[in-house]
Amino acid sequence: MTPVPPQPTRAELAILRVLWQLGPSTVRQVHDSLRGTQEKDTGYTTVLKLLQNMTEKGLVQRDESERTHVYEAALSQKRTQRDLLRDLMDRAFGGSASSVVAQALSMKRASAQELAEIRKLLDEHERRGK
C-alpha cells in the first residue's frame, strides 16, 4: 500500500488547485495563476520554496528532464479531498458523516441544483448499500 503524503497546508492546497486545473506546470505558471487569487500575493521565490517542500513531502512530483522543472500533483484532486475530509470527519465530527453534511448545509444555503445533486448521490449510495 502506498503511504499517504502528509496533509497539505492552506498555501499548498492553493498550489495543488492550480496544478489540478492546469496540469503539469512550471513555477512561473503556478505563480502567475496564483497572482490575484489570494488576499496577499505570493512571491515567485515563495512559490518555488513551497513546491520544493511539497516535492519532499510527496505532494507533488518534479520532472527535472528539462532546464525548467515541471511540477504536477502526486495525487488526484478527488483523492486529496477524500483524505482531507476523512481526517476532518474523524477529528472534528467523531466519524459521523451525517454531522459533516448537516454542518456543511447549515453554513451556506444550497442551491436547488446542489440539493438535487446531493439527493442523487444519496439515492446512488443507498442503492449500492442494498
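These notes cover the structure that comes with them. (Residues numbered from 1 in each chain as written. Predicted model: local features only at pLDDT ≥ 70, side-chain atom pairs only at ≥ 80, totals over all residues. Heavy atoms only, no water.)

Side note on the overall build of the protein chain
No. 1: Helix and strand counts for the protein chain stand at 6 helices and 2 strands.
No. 2: Helices and strands appear in the protein chain in the N-to-C order α-α-α-β-β-α-α-α.
No. 3: Whereas a compact globule of 130 residues would reach a radius of gyration of roughly 14 Å, the protein chain reaches 18 Å, over 25% beyond that.
No. 4: Projecting the C-alpha coordinates of the protein chain onto the three principal axes gives extents of approximately 55 × 35 × 25 Å.
No. 5: Sorting the 130 residues of the protein chain into buried and exposed places 22% on the buried side.
No. 6: Carbon and sulfur atoms make up 51% of the accessible area of the protein chain, which totals about 9,700 Å².
No. 7: For the protein chain, the centre of its 21 positive side-chain charges and the centre of its 17 negative side-chain charges are spaced 4 Å apart. (Helix = DSSP H or I, 4+ residues; strand = E, 2+ residues; numbered from the N terminus. Rg over C-alpha atoms; globule rule 2.2 N^0.38 Å. Buried < 20%, exposed > 50% of the residue type's maximum accessible area, 1.4 Å probe, protein only. Areas by Shrake-Rupley, 256 points an atom, 1.4 Å probe, with all protein chains shown as cover. Lys, Arg positive; Asp, Glu negative; His and termini not counted. Charge placed at Lys NZ, Arg CZ, Asp CG, Glu CD.)

Regarding the pattern of salt bridges
No. 1: Overall, the coordinates contain 6 salt bridges when judged by the stated rule.
No. 2: Put simply, R86 and D83 hold a salt bridge, and the shortest N to O gap is 3.4 Å. Here R86 pairs with D83, and both are found in helix α4 (residues 77-93), just 3 residues apart, close to one helical turn.
No. 3: Judged by relative accessible area, which is 16%, D83 ranks as buried. (Salt bridge = Lys/Arg side-chain N within 4 Å of Asp/Glu carboxyl O.)

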